[in-house]
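Report on the structure
Residue strings, one per chain:
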Amino acid sequence: MKKVKKAIIPAAGLGTRFLPATKAMPKEMLPIIDKPTIQYIVEEAVESGIEDIIIVTGKGKRAIEDHFDHAFELEMNLAEKGKIRLLEEVRRSSGVDIHYIRQKEPRGLGHAVWCARRFIGDEPFAVLLGDDIVQSEVPCLKQLIQEYETTGASVIGVQPVPDHETQRYGIIDPKAKQGRLYQVRNFVEKPQPGQAPSNMAIMGRYVLTPDIFRILDLQEEGAGGEIQLTDAIQKLNELEQVYAYHFQGVRYDVGEKLGFILTTLDFALRHQELRGPLLQAMEEFLEKSTLPKVIG
Ligand code: UTP
């Protein structure tokens, strides 16, 4: 069985939920505390054993390439000032070999993945989306790769969501379950309210066999007029078994505003230097807040 060594990180979307911040800056560069969200994703891929990463970029995404490049002047300046910890942090982001390909139009996630087909070739590969950051003992992608290594089949990361949120996600219709691994009858992208076959939602981590590319070659537009990866996975599932795996770990939704704010708060409360001052500031804020008066 071929090993999973390559990963695609699609980052060519328009980021409309964060406009106007994302007019000139990629959504993937928005930081949680002091690290862009895409760096968390790259680090997870590397910790999962991925050797080659390709980022699918689009218009206005140059900052991503700059971020993962060497920054000689900055590094020299930090070295001269003896700011070694910061220097190490800055170097960390340029220590991985990353490839880039442009998606000329944002035609959907399925199309973004298809754009990287020549880089992947005839090997199983991973896809990681920057909208979900996962904190776990064993990196989320590594958990999926381990399942791939036992099943030899595509494995999609899922976690439960509240019933009223199922319409925002790709949802699985489970056929059978063994431990945390599901055989799936159907994968449904953004089901109508009340029509979801379960509450297990696809969470931005995939291990796929290269057969998906033959399906994406012909895939037509689906929900939202976009070429949907979930629709292609459903077709793949009709040809060969595709599994879903309920991965362990805490998943943070950084693809929408409230989730982004809550993630920042949670990470700050776990941050050694920030926790104390933040708790104090929050206490003072809640005591002194004039908000109710303003609203009333
Ligand atoms: P999203 O739908 O969350 O990203 O796609 P978006 O379109 O940038 O954001 P909104 O919904 O307008 O706020 C999930 C991932 O797929 C990538 C996005 O960059 C994001 O990381 N994507 C999406 C592409 O690379 N190309 C596309 O055509 C669509």
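As a reminder, the structure under discussion sits directly above these lines.
One structure accompanies this document, and this report is about it. Fair warning: this is a prediction, and the values are worked out from it, not measured in the lab.

**Section: the site of the ligand**
- With respect to spatial proximity, 17 residues lie near the ligand, and among them Ala-12, Thr-16, Gln-103, Gly-108 and Asp-131 are the closest.
- Between Gly-15 and the ligand, the recorded distance is 2.8 Å, taken from a backbone N or O atom to an oxygen atom.
- Side-chain polar atom of Lys-27 to an oxygen atom of the ligand: 3.1 Å apart, as the coordinates give it.
- In isolation the ligand offers 560 Å² of accessible surface; the protein chains occlude 87% of this area.
- For the shell around the ligand, the per-class residue count stands at 7 nonpolar, 5 polar and 5 charged.

**Considerations on the packing of helix 10 (residues 257-269) against helix 11 (residues 272-288)**
- Put simply, helix 10 and helix 11 touch, their axes get as near as 8 Å, and they point 120 degrees apart. Between helix 10 and helix 11, the interaxial angle falls into the category oblique. For the pair helix 10 and helix 11, contact is made by Leu-265, Ala-268 and Leu-269 and by Leu-274, Arg-275, Leu-278, Leu-279 and Met-282, respectively.
- Considering only residue class, the contact of helix 10 with helix 11 consists of 7 nonpolar, no polar and 1 charged.

**Looking at unusual backbone geometry**
- Along the chain, Leu-19 connects to Pro-20 via a cis peptide bond; the corresponding omega equals 5 degrees.
- With respect to the element layout, Pro-20 can be found in the loop between strand 1 (6-10) and strand 2 (31-32).
- For Ile-33, which is not glycine, the phi dihedral falls at a positive 60 degrees.
- Along the chain, the position of Ile-33 falls in the loop between strand 2 and strand 3 (35-36).
- Although it is not a glycine, Lys-190 adopts a positive phi angle of roughly 40 degrees.

**Comments concerning the environment of Glu-47**
- On the secondary structure map, Glu-47 appears in helix 1 (residues 37-47).
- For the pair Glu-47 and Phe-18, spaced 29 residues apart in the sequence, the C-alpha separation amounts to 29 Å.
- Not counting residues up to four positions away in its chain, the partners in contact with Glu-47 are Pro-139 and Lys-142.

**What about the pairing of strand 9 (residues 170-178)?**
- The sheet contact formed by strand 9 and strand 10 (residues 181-189) spans 8 bridges and is antiparallel. The residue of strand 10 that forms the bridge with Pro-174 is Val-184.
- Between the antiparallel neighbours strand 9 and strand 10 lie 2 residues, among them Gly-179 with a positive phi of about 65 degrees.

**Let's talk about the packing of aromatic side chains**
- Evaluated as defined, the whole model comprises 4 aromatic pairs.
- Ring centres of Tyr-40 and Phe-267 lie 5.6 Å apart, and the angle between their planes is 85 degrees; on these two criteria the pair is classed as edge-to-face. Pair noted here: Tyr-40 is in helix 1 and Phe-267 is in helix 10, with a separation of 227 residues, a long-range link.
- Residue classification places Tyr-40 among the buried positions, given a relative accessible area of 14%.

Reading the values: the criteria
Residues numbered from 1 in each chain as written. Predicted model: local features only at pLDDT ≥ 70, side-chain atom pairs only at ≥ 80, totals over all residues. Heavy atoms only, no water. Near = heavy atom within 4 Å. Polar contact = N/O pair within 3.5 Å; in protein donor to acceptor, adjacent residues only side chain to side chain. Areas by Shrake-Rupley, 256 points an atom, 1.4 Å probe, with all protein chains shown as cover. Nonpolar A, V, L, I, M, F, W, Y, C, P; charged D, E, K, R; others polar. Axes fitted to C-alpha atoms, helices over the stretch in contact; angles between N-to-C directions. Helix = DSSP H or I, 4+ residues; strand = E, 2+ residues; numbered from the N terminus. Parallel < 35°, antiparallel > 145°, perpendicular 65-115°, else oblique. Contact = heavy atoms within 4.5 Å. Pairing = 2+ DSSP bridges. Phe/Tyr/Trp six-rings, centres within 6.5 Å; stacked < 30°, edge-to-face > 60°. Buried < 20%, exposed > 50% of the residue type's maximum accessible area, 1.4 Å probe, protein only.

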